[in-house]
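# Chains, contacts and geometry: an overview
The chain contents come next:
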Amino acid sequence: MDGAGALALVTLAELPRVGERTIARVLRLARWKGLPLAEVLRLPTGALAAEYGLPRAAIARLEGDATRHANRCRDILLRLGAVRARISEPEDSAYPRRWVQRADPPPALVYLWGNAAVLESPTLAILNSRIITEQSVTATMQVSQWAVREGFALVTGGMKTTHRIAAVSVRAVGAPRIIVLDRGLLASFGSDFQHDPFGFGPGRARLDPCATLVLSPFRPCDHATPRSGRRRDELIAALGDIVIAVSARPGGEIERICLRALDHGHAVLSWQGGNSALVAAGAPAVDERDLRNGLRRFLAGNGR
């Protein structure tokens with residue numbers, strides 16, 4: 001994506017009350033009309049409201065504070081560019097194809113940092129409910145280590161404790177990992193992209209950009225919300241060629257996400273059959289023996 005296109009996309013995404021659905025709608029209509037997004041954003045605000053459905057708060061920003069908004073968006077792009085982060089939409093080659101194929105809906109844009117070639121490996125996603133037990137911690141570490149031995153890139157989050165366990169386990173052996181954030185890139189890293197924020201304790205280990213890809217569909221400076229946490233877990237599942245539900249509370253969000261993935265034909269496994277609803281819906285129960293026997297056999301029919 002060229003500089004003008006990236007600036008236009010950030011300018012739209014940073015408007016108040018503009019979320020994924022609004023961005024997707026505006027981009028879809030702009031493509032249908034054959035107009036670059038930068039040209040769309042120069043239309044009269046009446047047209048942006050009536051034809052493109054921009055909310056009132058976004059229109060007010062463009063009418064009353066357009067210069068400050070434009071300067072802020074340029075500053076965000078400069079900060080991202082300084083650390084070699086990128087912005088991408090579904091039509092771009094850097095955008096994760098698995099999201100195009102599996103996410104419902106795929107994010108209208110994504111901010112990327114790190115090595116996009118990590119996406120070329122088969123992927124295994126680990127999902128855990130928020131309640132932490134000794135069993136879920138042990139299982140998360142075991143699954144992470146066995147997945148690495150088989151050449152999987154591990155997909156996880158960065159902030160929930162069980163996500164951190166998986167991220168640190170994979171980092172310790174220098175294996176590829178994909179981190180999906182529940183907040184913006186700049187909110188996660190601050191100004192230091194050389195050290196890993198996805199760990200424990202006050203110290204931050206060095207981050208290997210060659211073995212790591214960080215993805216965020218959220219505005220770079222936005223912090224986490226309960227809704228963004230749910231979206232993160234949905235996108236983690238969509239990136240996994242195999243999804244292992246290490247712990248999934250009955251009736252909870254992880255169960256919902258995994259059931260939906262099963263409905264779409266994704267490979268979902270239930271650790272030790274711990275969630276009966278997933279097993280009943282067709283998720284094989286797996287344990288340490290299955291790890292030793294190999295996970296790649298579950299990739300059949302699960303194209304990337």
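For the structure, see preceding data.
The present account deals with the structure reproduced in this document. This structure is a prediction, so every number in the text was calculated from the model and none was measured. (Residues numbered from 1 in each chain as written. Predicted model: local features only at pLDDT ≥ 70, side-chain atom pairs only at ≥ 80, totals over all residues. Heavy atoms only, no water.)

### Considerations on helix H11 (residues 226-239)
- Its 14 residues place the ends of H11 20 Å apart at the C-alpha level, agreeing with the 20 Å of an ideal helix rising 1.5 Å per residue.
- Taking burial as the measure, the 14 residues of H11 include ten buried ones, the bulk of the element.
- Of all the residues in H11, the buried ones are Ser228, Gly229, Arg231, Arg232, Asp233, Leu235, Ile236, Ala237, Ala238 and Leu239. (Helix = DSSP H or I, 4+ residues; strand = E, 2+ residues; numbered from the N terminus. Expected span 1.5 Å × (residues − 1). Buried < 20%, exposed > 50% of the residue type's maximum accessible area, 1.4 Å probe, protein only.)

### Digging into the pattern of salt bridges
- In the structure shown here, the tally under the stated rule is 19 salt bridges.
- Here Glu51 ties to Lys33 by a salt bridge, and the two come within 3.5 Å at their closest N and O atoms. One end of the pair, Glu51, is in the loop between helix H4 (45-50) and helix H5 (56-64); the other, Lys33, is in helix H2 (residues 20-33), and 18 residues separate them in sequence.
- Accessibility expressed as a relative area gives 44% for Glu51, which makes it partly exposed. (Salt bridge = Lys/Arg side-chain N within 4 Å of Asp/Glu carboxyl O.)

### Structural notes on helix H1 (residues 3-13)
- Among the residues of H1, Ala6, Ala8, Leu9, Val10, Thr11, Leu12 and Ala13 are the ones counted as buried.
- Against the buried residues of H1 lie H2, helix H3 (37-40), helix H6 (66-82), strand S1 (86-88) and strand S2 (110-114). (Contact = heavy atoms within 4.5 Å.)

### What about the nonpolar core?
- By size, the foremost hydrophobic cluster in this structure holds 41 residues, and its most contacted members are Leu12, Ile23, Leu37, Leu54 and Leu185.
- Among the secondary structure elements, those contributing two or more residues to this core are H1, H2, H3, H5, H6, S2 and helix H10 (185-189).
- The element that contributes the greatest number of residues to this core is H1, accounting for six residues.
- Apart from the residues lying within four places of it in its own chain, the contact partners of Leu54 are Leu12, Leu15, Val18, Thr22, Val26, Leu48, Ala49, Ile59 and Leu62.
- Grouped together as the second largest cluster of nonpolar side chains are 31 residues, Leu239, Val243, Ala245 and Val268 included. (Core = buried A, V, L, I, M, F, W, Y, C linked by side-chain atoms within 4.5 Å.)

### As for the packing of aromatic side chains
- All chains considered together, the criterion is met by five aromatic pairs.
- Considering the side-chain rings of Phe189 and Phe198, the 5.6 Å spacing of their centres and the 85° angle between planes classify their relative orientation as edge-to-face.
- Given a relative accessible area of 0%, Phe198 falls into the buried group.
- Among the aromatic residues, ring-to-ring pairing joins Trp113, Phe189, Phe193 and Phe198 into one connected group.
- If you follow Arg149 out to its NZ or CZ, it ends over the ring of Trp146, 4.5 Å from the centre. (Phe/Tyr/Trp six-rings, centres within 6.5 Å; stacked < 30°, edge-to-face > 60°. Lys NZ or Arg CZ within 6 Å of the ring centre and 35° of its normal.)

### Side note on the pairing of strand S3 (residues 123-128)
- For S3, the tally of buried residues reaches six of six residues, placing the bulk of the element in the interior.
- Both faces of S3 are covered, namely the face carrying Thr123, Ala125 and Leu127 and the face carrying Leu124, Ile126 and Asn128.
- The pairing of S3 with strand S4 (residues 153-156) spans three bridges and is parallel. Across the sheet, residue Ala125 finds its bridge partner in S4, namely Val155.
- Bridging between S3 and strand S7 (residues 242-247) involves five bridges; their strand directions are parallel. Bridge pairing in S7 links Leu127 to Ala245. (Pairing = 2+ DSSP bridges.)

### What about unusual backbone geometry?
- The step from Asp104 to Pro105 runs through a cis peptide bond, and the omega angle for that step is 0°.
- With respect to the helices, strands and loops of the structure, Pro105 is situated in the loop between helix H7 (97-102) and S2.
- Here the phi dihedral of Arg17 falls at roughly 65°; this positive angle occurs in a residue that is not glycine.
- Secondary-structure assignment places Arg17 in the loop between H1 and H2.
- Of note, Arg84 is a non-glycine position whose phi angle comes to about 65°, a positive value.
- In this structure Arg84 comes out as exposed when scored by relative accessible area, which is 73%.

Read these as spatial facts, not as claims about activity.
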